[in-house]
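Coordinate analysis (summary)
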Amino acid sequence: MSNSQRPEYSYRPMTPADVPLAHALSVQLKWPRRLEDWAMLQRIAKGFVVEDAGRLIGTAFTCPQGDYATIGLVIVSDEYRGQGIGRKLMELALEACGSLTAILNATLAGAPLYASQGFVDFGHIQQHQGHALPPVPNELATGERCRPLTEADRSDQIRLANAGSGLNRHTVLNDLFDTVEHSVGIEREGQLRAFATLRPFGRGRCIGPLIAQNPEQAKHLIAVLLAQVPDAFVRMDVPSDSGLSPWLEEAGLKHVDTVAQMARGTPPQAIGGMRQFALVTQAIG
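For clarity, every value in this text was computed on a predicted model and none was experimentally measured.

About the thresholds
Residues numbered from 1 in each chain as written. Predicted model: local features only at pLDDT ≥ 70, side-chain atom pairs only at ≥ 80, totals over all residues. Heavy atoms only, no water. Helix = DSSP H or I, 4+ residues; strand = E, 2+ residues; numbered from the N terminus. Rg over C-alpha atoms; globule rule 2.2 N^0.38 Å. Buried < 20%, exposed > 50% of the residue type's maximum accessible area, 1.4 Å probe, protein only. Contact = heavy atoms within 4.5 Å. Disulfide = S-S within 2.5 Å. Expected span 1.5 Å × (residues − 1). 1 Å grid on protein atoms, 1.4 Å probe; cavity = no way out; pocket = protein on both sides within 12 Å on 5 of 7 lines; lining within 4 Å. Points joined across faces, edges and corners; volume = space filled by probe spheres on them. Nonpolar A, V, L, I, M, F, W, Y, C, P; charged D, E, K, R; others polar. Phe/Tyr/Trp six-rings, centres within 6.5 Å; stacked < 30°, edge-to-face > 60°. Lys NZ or Arg CZ within 6 Å of the ring centre and 35° of its normal.

1. A look at the overall build of the protein chain
- Across its full length, the protein chain holds eight helices and 13 strands.
- Whereas a compact globule of 285 residues would reach a radius of gyration of roughly 19 Å, the protein chain reaches 19 Å, a difference of no more than 12%.
- Taken over the C-alpha atoms alone, the protein chain extends approximately 70 × 40 × 30 Å along its principal axes.
- Relative to its full complement of 285 residues, the protein chain shows a buried share of 54%.
- Pairs at least 24 residues apart make up 72% of the contacts formed inside the protein chain by residues separated by at least 6 positions.

2. Some remarks on the state of the cysteines
- The final tally for this structure, using the stated rule, is zero disulfides.
- Distance from the sulfur of Cys63, which forms no disulfide, to the nearest cysteine sulfur (Cys97) is 10 Å.
- According to the relative accessible area criterion, Cys63 is buried, its value standing at 2%.
- Lacking any disulfide linkage, Cys206 is separated from the closest cysteine sulfur, that of Cys63, by 15 Å.

3. Points about helix 5 (residues 154-165)
- Here helix 5 is 12 residues long and its end C-alpha atoms lie 16 Å apart, about the 16 Å a rise of 1.5 Å per residue gives.
- Those residues of helix 5 that fall on the buried side of the exposure criterion are Gln157, Ile158, Leu160, Ala161, Ala163, Gly164 and Ser165.
- Elements in contact with the buried residues of helix 5: helix 6 (170-176), strand 8 (182-188), strand 9 (191-201), strand 10 (204-212) and strand 13 (275-278).
- Just beyond helix 5, the residue with positive phi is Gly166, at close to 80°.

4. Digging into empty space enclosed by the protein
- Enumeration according to the criterion identifies one cavity of 30 Å³ or more in this entry.
- Taken as a whole, the largest cavity spans an internal volume of roughly 50 Å³.
- Lining the largest cavity are Pro32, Gln129, Phe201, Gly202, Arg203, Arg205, Phe233 and Arg235.
- Here the residues of the lining of the largest cavity sort into three nonpolar, two polar and three charged.

5. Thoughts on the layout of surface pockets
- Taken as a whole, the largest pocket holds about 800 Å³ of empty space.
- If you trace the largest pocket, you find 36 residues lining it, with Trp31, Val74, Ile75, Thr107 and Tyr114 closest to the centre.
- Among the elements of the structure, strand 4 (68-76), helix 3 (85-97), strand 5 (101-106), helix 4 (111-116), strand 6 (120-131) and strand 12 (254-263) are those that each provide at least two residues to the lining of the largest pocket.
- Broken down by element, the lining of the largest pocket gets its largest block of residues, six residues, from strand 4.
- Looking at side-chain class alone, the lining of the largest pocket contains 18 nonpolar, 11 polar and seven charged residues.
- As a volume, the second largest pocket reaches approximately 490 Å³.
- Along the walls of the second largest pocket sit 26 residues, with Phe122, Ser165, Gln261, Pro268 and Gln276 positioned nearest its centre.
- For the lining of the second largest pocket, the elements supplying multiple residues, two or more each, are strand 5, strand 6, helix 5, strand 12 and strand 13.

6. Description of the packing of aromatic side chains
- Scanning all chains against the criterion turns up three aromatic pairs.
- With centroids separated by 5.8 Å and ring planes inclined at 50°, the aromatic side chains of Trp38 and Phe61 adopt a geometry described as tilted. Taken as a pair, Trp38 in helix 2 (residues 35-44) and Phe61 in strand 3 (residues 55-65) lie far apart in primary sequence, 23 residues in all.
- Among the residues examined, Trp38 registers a relative accessible area of 0% and is labelled buried.
- Look at Phe61 and you get buried, because its relative accessible area is 1%.
- Directly above the aromatic system of Tyr11 lies the positively charged group of Lys88, at a separation of 5.9 Å from the ring centroid.
- One cation-aromatic arrangement involves Arg203 over Phe233; the distance from NZ or CZ to the ring centre is 4.0 Å.

Set out below in structure tokens:
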């Protein structure tokens, strides 16, 4: 179909009223998101939708996080693909980034579109999920202890999340905290050094974000959280170079997919010896 023959679609900002329709579209495409997951993103990010005669057929989000903006949930109904709709949604999402550096996690199908718009790979994320077999927590280093976290620890969690991701997590985590079922941390000399959260997401529960100084801390936190929900379906999205993948496989969280981390500029950098071992979500980073 030539450009002159293509129908006119309506592109506009997403509103709260669009959330149920966007969720229905993701269900149709077998994207594992709950209505609540969509509602969270609509609250903290700039969303866009495209309609055909009032029917919602595509979405995209831009989530500002400090000097960066994560782009996610760029989806188009199967029957409308190949008409440039995804490219137009990406243009809107990029425009919403303004002067911020855009980053995203790209599926195999979406990567060529993003590469054509100036995005470059800087890593990979492995999706692990399944009904876990909670492992026995490994021993922590001398002087470290693991404990449940409370509301009083939230500012320290945000500080560590910022350092580990290179993003400003203030808005994201303040919205996320109210959905968290369990949050645990590792402290040494009275200072929080690592933490992880478990919350409802998608088909079951998600562990993330997980910020730690080393894989041993990360494994301990995961084991403690998995013990809280021994029969649950759990998902984690971890960097491919985290060193966690074989251990997660043994724990019953199978590697089911890999996506490319891409940036349109210099990617974010962790600081202070911290590292993000599990994402909030692929859409948020």
